[in-house]
Amino acid sequence: MTAKVLLVDDDPALLAGLVRRLRRNYTIETADDGTAGLAALERGGPFAVVISDMRMPGLDGAQFLARVKAAAPDSVRIMLTGQSDVDTAMRAVNDGAIFRFLTKPCATETLTQAIDAGLAQYRLVTAERVLLSRTLLGGIRVLTDVLALLNPVAFGRAARVQRLVRDLCADLQVEAAWEVDMAAM
């Protein structure tokens, strides 16, 4: 499966050109402004990399990337803009916590290198989270096994509480049910 990249720019010709240059290596989705970009993120996310222009109608790039950070903190954010002034760069870095700041026109090789670096960062962050959750879950399972050996009555009660919590999470459709399940364990 190729990596998913979201491109957001209000220039349809630029978006079409970027799609032609990048579609061989990545799964590309486009949006013509920040609001459409947020809708694409909600509808088709998660995206490993989100690339945005700075000047767009409605939400500008810094505002858009700040919202992307809140909605999808693991997505790597890149600014691709025709503006290269210091104020633009500072807003993008401070508000959107961007990974790279690129200026238009941008060579295909430069853009591909930035996306590849963003993909490596995305994989690192998501792999770290998976490793941490598995390590934490493994540690909790060891502790519950020890409890089962030392105090079977307490273990039985804890197992019943865990089953009740799982059922409750299913009924309430809790998104992060594994976290609640670990807490119950």
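As shown above, the structure is provided for reference.
Sequence positions are assigned chain by chain, starting from 1 and proceeding in written order. Totals for whole chains, interfaces and linings use all residues, but because this is a predicted model, local features are given only for residues with pLDDT of at least 70 and pairs of side-chain atoms are given and counted only at 80 or more. Based on all heavy atoms of the structure, the side-chain values leave hydrogens and waters out of the count.

## Some thoughts on the pairing of strand S2 (residues 27-31)
Here a strand pair is declared whenever DSSP counts at least two bridges between the two strands. Numbered from the N terminus, helices here are DSSP runs of H or I no shorter than four residues, and strands are runs of E no shorter than two. Pairing geometry for strand S1 (residues 4-8) and S2, over five bridges, is parallel. For Leu-6, the partnering residue across the bridge sits in S2 and is Glu-29. Since S1 and S2 lie parallel, the crossover through helix H1 (residues 12-22) that links them has a hand, and here it is right-handed. A clockwise course of the path from the first strand over the helix to the second, judged with the strands pointing away from the viewer, identifies a crossover as right-handed.

## Regarding the pattern of salt bridges
The salt bridge definition used is simple: a Lys or Arg side-chain nitrogen within 4 Å of an Asp or Glu carboxyl oxygen. The full count for this structure, using the stated rule, is three salt bridges. In this structure, Asp-9 engages Lys-104 in a salt bridge whose closest nitrogen and oxygen atoms are separated by 2.7 Å. Here the residue Asp-9 occupies a position in the loop between S1 and H1, and Lys-104 occupies one in the loop between strand S5 (100-103) and helix H5 (108-150), the gap between them amounting to 95 residues. According to the relative accessible area criterion, Asp-9 is buried, its value standing at 4%. When accessible area is computed with a 1.4 Å probe and restricted to protein chains, residues below 20% of their type maximum are described as buried, those above 50% as exposed, and intermediate ones as partly exposed. We classify Lys-104 as partly exposed; its relative accessible area is 26%.

## Describing the packing of aromatic side chains
Planes of paired rings set the category: under 30 degrees apart is stacked, over 60 is edge-to-face and the rest tilted, where pairs are Phe, Tyr or Trp rings (Trp by its six-membered ring) whose centres lie within 6.5 Å. Inspection of the entire model under this criterion finds zero aromatic pairs. Whether a charge sits over a ring comes down to the Lys NZ or Arg CZ being within 6 Å of the ring centre and within 35 degrees of the ring normal. Positioned over the ring face of Phe-47 is Lys-4, at 4.9 Å from the centre of the ring.

## Focus: the packing of helix H2 (residues 34-44) against helix H3 (residues 61-71)
Look at H2 against H3: their axes get within 10 Å of each other, and the N-to-C directions meet at 15 degrees. By the angle between their axes, H2 is roughly parallel relative to H3. Here H2 and H3 pass one another in a crossing that is right-handed. Mapping the contact onto sequence places Gly-34, Gly-37, Leu-38 and Leu-41 in H2 and Phe-64, Arg-67, Val-68 and Ala-71 in H3. Interaxial angles span 0 to 180 degrees and are taken between N-to-C directions of axes, which are lines fitted to C-alpha atoms, for helices over the stretch in contact. Reported orientations rely on four angle classes, namely roughly parallel under 35 degrees, roughly antiparallel over 145, roughly perpendicular from 65 to 115, and oblique for the rest. Helix crossings fall into two classes, left-handed where the near helix is turned counterclockwise from the far one by less than a right angle and right-handed where it is turned clockwise. We call two residues in contact when some of their heavy atoms are within 4.5 Å.

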